[in-house]
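The primary structure of each chain is shown beneath.
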Amino acid sequence: MQQVWTIERSLWLDGIEAYETRMADQCVMVFGPMGILDRGQILQTIEQAPRWQDVEMTETTLTTPGDSVAIVIAYKAEARRDGGDVYSALCSSTYLVLDGELKLVQHQQTPL
């Protein structure tokens, strides 16, 4: 299921439009320094943060639990903003098929 990795990469690199399109209304994200964010808080944060210039995803894992329409991915990310240091984190995301489209319902990052 390459599509989920393409979506995940676009959420790191593209602007707020990617989030508005691919994020479920009830999406929750967890970031250690920022806490637990709902959709509105996520969009506000994305609007204010500079986008990543590049991201490398390694140690990738993808699973589809049982007969559900859920896809769970986990990976190690190394990303860099323009002129910045490398940011490394262990990440997980959960996608559901909603109205025929993959939508992000959960994302978590643990900085390394």
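Anything mentioned here points back to the structure above.
Cut-offs and rules
- Residues numbered from 1 in each chain as written.
- Predicted model: local features only at pLDDT ≥ 70, side-chain atom pairs only at ≥ 80, totals over all residues.
- Heavy atoms only, no water.
- Core = buried A, V, L, I, M, F, W, Y, C linked by side-chain atoms within 4.5 Å.
- Buried < 20%, exposed > 50% of the residue type's maximum accessible area, 1.4 Å probe, protein only.
- Helix = DSSP H or I, 4+ residues; strand = E, 2+ residues; numbered from the N terminus.
- Expected span 1.5 Å × (residues − 1).
- Contact = heavy atoms within 4.5 Å.
- Arc of directions from axis to C-beta.
- Polar contact = N/O pair within 3.5 Å; in protein donor to acceptor, adjacent residues only side chain to side chain.
- Pairing = 2+ DSSP bridges.
- Axes fitted to C-alpha atoms, helices over the stretch in contact; angles between N-to-C directions.
- Salt bridge = Lys/Arg side-chain N within 4 Å of Asp/Glu carboxyl O.

Draft legend 1. Region of interest: the nonpolar core. Ranked by internal contacts, the top residues of the largest apolar core, which has 28 residues, are Trp12, Tyr19, Met29, Ile42 and Tyr95. Every element with two or more residues in this core is listed here: α1 (2-13), α2 (16-22), β1 (23-31), α3 (39-48), β4 (70-80), β5 (86-98) and β6 (101-111).

Draft legend 2. Just unusual backbone geometry, in detail. Not every positive phi belongs to a glycine, and Glu59 is a case in point at roughly 50°. Residue Glu59 is classed as exposed on the basis of its relative accessible area of 58%. Here Asp99, not a glycine, exhibits a phi torsion of approximately 50°, which is positive. Its location among the elements puts Asp99 in the loop between β5 and β6.

Draft legend 3. Region of interest: α1. The terminal C-alpha atoms of α1, which comprises 12 residues, lie 17 Å apart, in line with the 16 Å expected from a rise of 1.5 Å per residue. Taken together, the buried positions of α1 are Val4, Trp5, Ile7, Glu8, Ser10, Leu11 and Trp12. Where the residues of α1 are buried, they touch α2, β3 (54-63), β4, β5 and β6.

Draft legend 4. α3, seen in detail. Along α3, the positions that sit buried rather than exposed are Arg39, Ile42, Leu43 and Ile46. End-on view of α3: buried residues confined to an arc of 95°, all on one side of the axis. Next to the buried residues of α3 lie α2, β1 and β2 (35-38). In this structure Asp38 caps α3, since a side-chain oxygen of it lies 3.2 Å from the backbone nitrogen of Gly40.

Draft legend 5. Looking closely at the sheet that holds β5. Spatial strand order, β2-β1-β6-β5-β4-β3: six strands in an open sheet with mixed pairing. At either end of the open sheet lies a strand with only one pairing partner, and these are β2 and β3. Here the average twist between neighbouring strands, direction ignored, is 20°. The pairing of β4 with β5 spans 11 bridges and is classified as antiparallel.

Draft legend 6. Looking closely at the pattern of salt bridges. A full pass over the atoms with the stated rule returns two salt bridges. Note that Asp54 and Arg9 form a salt bridge whose closest N and O atoms lie 3.3 Å from each other. Here Asp54 is found in strand β3, whereas its partner Arg9 is found in helix α1, with 45 residues between them in sequence. Overall, Arg9 belongs to the partly exposed group, its relative accessible area being 35%. Close ionic contact of Glu78 with Lys76 constitutes a salt bridge, the shortest N to O distance being 3.8 Å.

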